[in-house]
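# Breakdown of the fold
Each chain is listed here by its residues.
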Amino acid sequence: MADALSEFSFPRTGLTVRNRTVLAALTNKQSHEDGVLSQEEHHWLTMRGEGGFGIVTTAAANVTEHGRGWEGELGVWSDHHVPGLSHLASKLSEQGAVSLAQLFHGGMRSPSNLTGVQPVSASENTEPSMKGIVARELTHVEIESIILAFGSAAARCEAAGFSGVELHGAHSYLISQFLGPKTNRRSDQWGGNLQGRTMFLQRIIQEVRAQTSHEFIVGVRLSPTIQDLGIELQETLEVAKWCTDWGLDFIHVSCWDVFQTLPDTNGEETSLTKWFSNHLDGKIPIITTGKIWDGDDVRFAMDQGADLVGVGRAGIAHYDWPQQLSEADASPEKPPFTVEHLKQAGLSDTFVTYMSRWNGFVIPQD
Ligand SMILES: Cc1cc2nc3c(=O)[nH]c(=O)nc-3n(C[C@H](O)[C@H](O)[C@H](O)COP(=O)(O)O)c2cc1C
């Protein structure tokens, strides 16, 4: 088992990461109304570059104007986003971090009061957070245009100086809406069996590759299971294996809890990370994320076969989380945190307010 603070090289391109720590994509609501990266967002991310993260990932960023999911979201759908992205990418590179932009489309989770249009999805769908708004089924021509938009967004990120992109295939957004049989009930080439439901992701990968250079890192984030969409572990493992064949550089397993287990065929409880590492058999690097906080958690994740370890909340609270790991028995402070602590960690008022919605993270002020 490698040490989390040892170097890692992506096998396909040889790009070296200074250590195996990853700041996972974290929505922080700090972008401008037109999707341009704000100074606050630049500050919070570059503090993580300074704090020693091997890879720094941006928040989920929408690849089309109408694929936006919430206010304050980062945009990558137009060239007017490039100067802010370039400023960020060049600072992260100067700090020695590998930079990834997370590309996504909200699909049925892009509210019309934000976008001005009816949301779209693989099939006609709705979900509780959309309060009765129904997403309509995408036409073939629209699907092709969203695929192109993923490619152009990746090209924009490469032009801005990013090391690569992470395609957001997790958490019930558009790519997973195509993967899930409950949200994808199409009978054309974009639906049906697993191969058909994965076609959207496959074509996005091909388009991103076509519009970027050989050196550009491209990976995908997947949720092992999503009950509401009908996504099940065995199918996700299969998709991950195909992604390996399609020349991706990493699979990021979004566990939410790396300690969660599911029984294998012999009834042996197996962690989600281990399911993937067993199935992928070292053919592609694995990032795993979910409830990793201290040195023991990191060792557990790597012992399960992760090549790189991602954090969300620990990285929000501790800009220098990787540096803290270098201490023996590293045990960075856990939530709840005072507003003062979070501000010192580089969060703006907007981001702190957003974090107050995450149960038990922020100590309420009187
Ligand atoms: C405030 C917040 C924002 C998040 N935004 C994103 C996002 O934009 N994209 C994404 O893939 N995951 C997002 N996530 C999930 C995290 O990347 C991560 O997987 C999750 O927080 C579990 O890791 P943790 O236990 O280390 O926090 C978000 C999580 C939090 C807490």
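Residues numbered from 1 in each chain as written. Predicted model: local features only at pLDDT ≥ 70, side-chain atom pairs only at ≥ 80, totals over all residues. Heavy atoms only, no water.

### Comments concerning the nonpolar core
To be explicit about the condition: To define a nonpolar core, start from buried Ala, Val, Leu, Ile, Met, Phe, Trp, Tyr and Cys residues and group those joined through side-chain atoms within 4.5 Å. In this scheme, a residue with accessible area under 20% of its type's maximum is buried, one over 50% is exposed, and one in between is partly exposed, where area comes from a 1.4 Å probe on protein chains only. Secondary structure is summarised from DSSP: a helix means a run of H or I of at least four residues, a strand means a run of E of at least two, and numbering begins at the N terminus for each. By definition, residues are in contact when any of their heavy atoms lie within 4.5 Å.
Of all hydrophobic cores here, the largest spans 95 residues; its most connected members are Leu103, Phe150, Leu167 and Phe200. Element by element, the count of residues in this core is highest for helix H4 (residues 140–160), at 9 residues. In this structure phenylalanine 150 touches Val63, Leu103, Phe104, His105, Leu167, Ile175, Phe200, Ile204 and Val208, once residues within four positions along its chain are discounted.

### Observations regarding the site of the ligand
Rules: The cutoff for a nearby residue is simple: one of its non-hydrogen atoms must lie within 4 Å of the molecule or strand. Any pair of N or O atoms that falls within 3.5 Å is considered a polar contact. Within protein, one atom must be able to donate a hydrogen and the other to accept it, and sequence-neighbouring residues count only if both atoms are side-chain atoms. All accessibility values rest on the Shrake-Rupley procedure with a 1.4 Å probe; residue burial counts only the protein chains present in the view. Classification convention: Asp, Glu, Lys, Arg as charged; Ala, Val, Leu, Ile, Met, Phe, Trp, Tyr, Cys, Pro as nonpolar; all other residues, Gly among them, as polar.
Lining the immediate surroundings of the ligand are 20 residues, of which Thr27, Arg221, Lys291, Gly312 and Arg313 lie closest. Side-chain polar atom of arginine 221 to an oxygen atom of the ligand: 2.7 Å apart, as the coordinates give it. Protein contacts shield 96% of the accessible area of the ligand, which totals 600 Å² for the unbound molecule. Residue classes in the shell around the ligand are distributed as 9 nonpolar, 8 polar and 3 charged.

### Re the packing of aromatic side chains
Note the following rule: The pairing test for Phe, Tyr and Trp rings, Trp by its six-membered ring, is centres within 6.5 Å, and the orientation test on the planes gives stacked under 30 degrees, edge-to-face over 60, and tilted for anything in between.
Using the criterion set out here, one finds 14 aromatic pairs in the structure. Note on phenylalanine 8 and phenylalanine 10: the rings are 5.2 Å apart at their centroids and 85° apart in plane angle, and the pair reads as edge-to-face. Among the residues examined, phenylalanine 10 registers a relative accessible area of 1% and is labelled buried. In this structure an aromatic cluster arises from ring pairing among Phe8, Phe10 and Phe250.

### Notes on the pairing of strand E6 (residues 98–104)
Where we set the bar: Any two strands are treated as partners once DSSP identifies two or more bridges connecting them.
Counting buried positions over the 7 residues of E6 gives 7, a clear majority of the element. Residues of E6 alternate between two faces, with Val98, Leu100, Gln102 and Phe104 on one and Ser99, Ala101 and Leu103 on the opposite face, all of them buried. Where strand E4 (residues 55–62) lies against E6, 6 bridges are found, and the strand directions are parallel. Looking across to E6, one finds that alanine 61 is bridged to leucine 103. Where E6 lies against strand E9 (residues 164–169), 4 bridges are found, and the strand directions are parallel. For alanine 101, the partnering residue across the bridge sits in E9 and is valine 165.

### Brief notes about the side chain of arginine 68
You can see arginine 68 is positioned in the loop between E4 and strand E5 (74–75). Engagement of the side chain of arginine 68 in a polar contact is seen with the backbone oxygen of tryptophan 70, the distance being 3.4 Å. Not counting residues within four places of it along the chain, the set of residues in contact with arginine 68 comprises Glu33, Asn62, Glu73, Ser110, Pro111, Leu114 and Thr115.

### A short note on the pattern of salt bridges
The line we're drawing: A pair is scored as a salt bridge if a Lys or Arg side-chain nitrogen falls within 4 Å of a carboxyl oxygen belonging to Asp or Glu.
Taken as a whole, this structure holds 14 salt bridges when the rule is applied. One salt bridge connects aspartate 188 with arginine 186, and the closest N-O pair in it is separated by 2.8 Å. A relative accessible area of 29% means that aspartate 188 is categorised as partly exposed. Residue lysine 343 pairs with aspartate 349 through a salt bridge whose shortest N-O separation is 2.7 Å.

### Focus: the confidence of the model for the protein chain
Here is the rule: Residue-level confidence of the predictor is summarised by pLDDT, bounded by 0 at the bottom and 100 at the top.
Of the residues in the protein chain, 99% reach a pLDDT of 70 or more, and the chain-wide mean stands at 97. Ranking the elements of the protein chain by mean pLDDT puts helix H3 (residues 112–115) last with 94 and E6 first with 99.

### Some details on H4
Selection rule: How far a helix is expected to stretch is found by multiplying one less than its residue total by 1.5 Å.
Under the 1.5 Å per step criterion, the end-to-end length of H4 is 30 Å for 21 residues, consistent within 8% with the ideal 30 Å. Of all the residues in H4, the buried ones are Ile143, Ile146, Ile147, Ala149, Phe150, Gly151, Ala153, Ala154, Arg156, Cys157 and Ala160. Turning to H4, the residues buried within the fold contact helix H2 (82–95), E6, E9, helix H5 (174–179) and helix H6 (194–211). Trailing H4 by a residue or two, glycine 161 shows a phi angle of about 105°, which is positive.

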